[in-house]
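Examining the three-dimensional arrangement
Now for the letters of each chain:
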Amino acid sequence: MKTSEEQGDLRVRRTHKLLWEALMAELSERAFEEITVKEICERAMVHRTTFYKHYEDKYALLEQGMRQMYDALVAEVTVPPSAFSIDHPPPYFTHLFIHVAEHQHFYKLMLCGEGIGRFQKLVRDYLVEQGEAKMRELTPPNQQLAVPPAMYVQYVAGAVISTLAWWLENDMPHSPQHMAQYLLLLHGTPSYHS
């Protein structure tokens with residue numbers, strides 16, 4: 001038998017899930033700015049007072065949902081130290097495409113077309129953080145990139161987001177493995193100078 005606290009937590013998670021799914025359905029039909037809390041609640045079959053018990057406004061619901069998806073991405077996509085090649089791209093590239101494929105509806109809404117700037121920034125910041133860690137790991141001692149490392153990782157992060165958006169907009173015509181390989185080919189190898 002579940003305790004009342006566990007049942008309450010389950011109800012909160014269920015409410016969030018219903019509201020989130022309703023918001024995603026509304027977003028697939030029109031722009032975020034056009035969507036009202038009333039419409040989200042009606043679609044989710046959740047009373048507006050319940051909505052406001054958990055969220056200040058629709059932006060708070062969107063922010064929580066984006067953060068949960070971002071946390072799932074970060075949990076799934078890690079940067080293990082490993083050697084890689086075109087035939088064996090970095091596992092984190094492949095995992096990134098697998099994660100996006102598994103949640104394609106969400107990522108298509110967030111990364112394609114108008115997208116949601118906050119989410120794009122979260123993903124870019126994550127990619128920059130991972131890229132900086134990889135740069136520190138792979139940069140030979142006494143060598144520097146020909147361009148500032150911060151600029152280089154921003155460039156790569158932007159390229160990854162654009163590549164993900166292209167892949168989604170074109171109905172994922174290539175497998176995650178192939179996309180990881182293509183990303184590595186597009187990415188090339190950084191040039192160093194002593």
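Residues numbered from 1 in each chain as written. Predicted model: local features only at pLDDT ≥ 70, side-chain atom pairs only at ≥ 80, totals over all residues. Heavy atoms only, no water.

The next point concerns the overall build of the protein chain. The helix and strand tally for the protein chain stands at 9 helices and 2 strands. When the elements of the protein chain are put in sequence order from the N terminus, they spell out α-α-α-α-α-α-α-β-α-α-β. Summed over all atoms, the accessible surface of the protein chain reaches about 11400 Å², with 55% contributed by carbon and sulfur. (Helix = DSSP H or I, 4+ residues; strand = E, 2+ residues; numbered from the N terminus. Areas by Shrake-Rupley, 256 points an atom, 1.4 Å probe, with all protein chains shown as cover.)

Here we take up the packing of helix H8 (residues 149-169) against helix H9 (residues 176-187). Two elements in contact, H8 and H9, have axes separated by 11 Å at closest approach and are oriented at 145°. Pair H8 / H9 crosses with right-handed handedness. Between H8 and H9, the residues in contact are Tyr152, Val156, Val160, Thr163, Trp166 and Trp167 and Pro176, Met179, Leu183, Leu186 and His187, respectively. Looking at side-chain class alone, the contact of H8 with H9 contains 9 nonpolar, 2 polar and no charged residues. (Axes fitted to C-alpha atoms, helices over the stretch in contact; angles between N-to-C directions. Left-handed = near helix turned anticlockwise from the far one by under 90°. Contact = heavy atoms within 4.5 Å. Nonpolar A, V, L, I, M, F, W, Y, C, P; charged D, E, K, R; others polar.)

The next thing to look at is H9. An ideal rise of 1.5 Å per residue puts 16 Å on 12 residues; H9 measures up with 16 Å between its terminal C-alpha atoms. Turning to H9, its buried residues are Met179, Ala180, Gln181, Leu183 and Leu184. Along its buried surface, H9 packs onto helix H5 (91-102) and H8. (Expected span 1.5 Å × (residues − 1). Buried < 20%, exposed > 50% of the residue type's maximum accessible area, 1.4 Å probe, protein only.)

Those residues of helix H2 (residues 37-44) that sit buried are Val37, Ile40, Cys41 and Ala44. For H2, the buried positions fall inside an angular range of 95° around the axis, keeping them on one side. Taken from the residues just after H2, Met45 is the one with a positive phi, measuring 60°. (Arc of directions from axis to C-beta.)

This next bit is on the packing of helix H7 (residues 117-138) against H8. At a minimum axis distance of 8 Å, the contact between H7 and H8 shows a crossing angle of 130°. Put simply, H7 runs oblique to H8. You can see that H7 and H8 cross each other, and the crossing is right-handed. When H7 is examined against H8, the residues Gln120, Val123, Arg124, Leu127, Val128, Gly131, Glu132 and Met135 are found in contact with a partner set consisting of Tyr152, Val153, Gln154, Ala157, Val160 and Ile161. The residue inventory of the contact of H7 with H8, partitioned by class, reads 9 nonpolar, 3 polar and 2 charged. (Parallel < 35°, antiparallel > 145°, perpendicular 65-115°, else oblique.)

Here the focus is the nonpolar core. In this structure, Leu19, Leu23, Phe106, Tyr107, Met110 and Phe119 are the most contacted members of the largest nonpolar core, which totals 54 residues. Breaking this core down by element, the ones donating at least two residues are helix H1 (4-27), H2, helix H4 (58-76), H5, helix H6 (104-111), H7, H8 and H9. Top contributing element to this core by residue count: H8, with 10 residues. Discounting residues that sit within four places of it in the chain, Leu23 has contacts with Phe32, Ile35, Ile40, Leu61 and Leu62. (Core = buried A, V, L, I, M, F, W, Y, C linked by side-chain atoms within 4.5 Å.)

All told, the structure shown has 8 salt bridges when counted by the stated rule. In this structure, Glu21 and Lys17 form a salt bridge, with 2.5 Å as the shortest nitrogen-oxygen distance. With Glu21 and Lys17 both in helix H1 and 4 residues apart, this pair spans about one turn of that helix. For the salt bridge of Glu26 with Arg30, the shortest nitrogen-to-oxygen distance reads 2.8 Å. With relative accessibility at 5%, the residue Glu26 sits in the buried group. For Arg30, a relative accessible area of 23% corresponds to the partly exposed category. One salt-bridge network, held together by shared partners, links Glu26, Glu29, Arg30, Glu39 and Arg43. (Salt bridge = Lys/Arg side-chain N within 4 Å of Asp/Glu carboxyl O.)

Applying the stated rule across the entire model yields 6 aromatic pairs. Ring geometry for Phe51 versus Tyr52: centroids 5.2 Å apart, planes at 80°, classification edge-to-face. Here Tyr52 falls in the partly exposed class, since its relative accessible area comes to 44%. Aromatic pair Phe97 and Trp167: ring centres 5.1 Å apart, planes at 85°, arrangement edge-to-face. Taken as a pair, Phe97 in helix H5 and Trp167 in helix H8 lie far apart in primary sequence, 70 residues in all. (Phe/Tyr/Trp six-rings, centres within 6.5 Å; stacked < 30°, edge-to-face > 60°.)

Everything listed here is a matter of geometry and, on its own, says nothing about what the molecule does.
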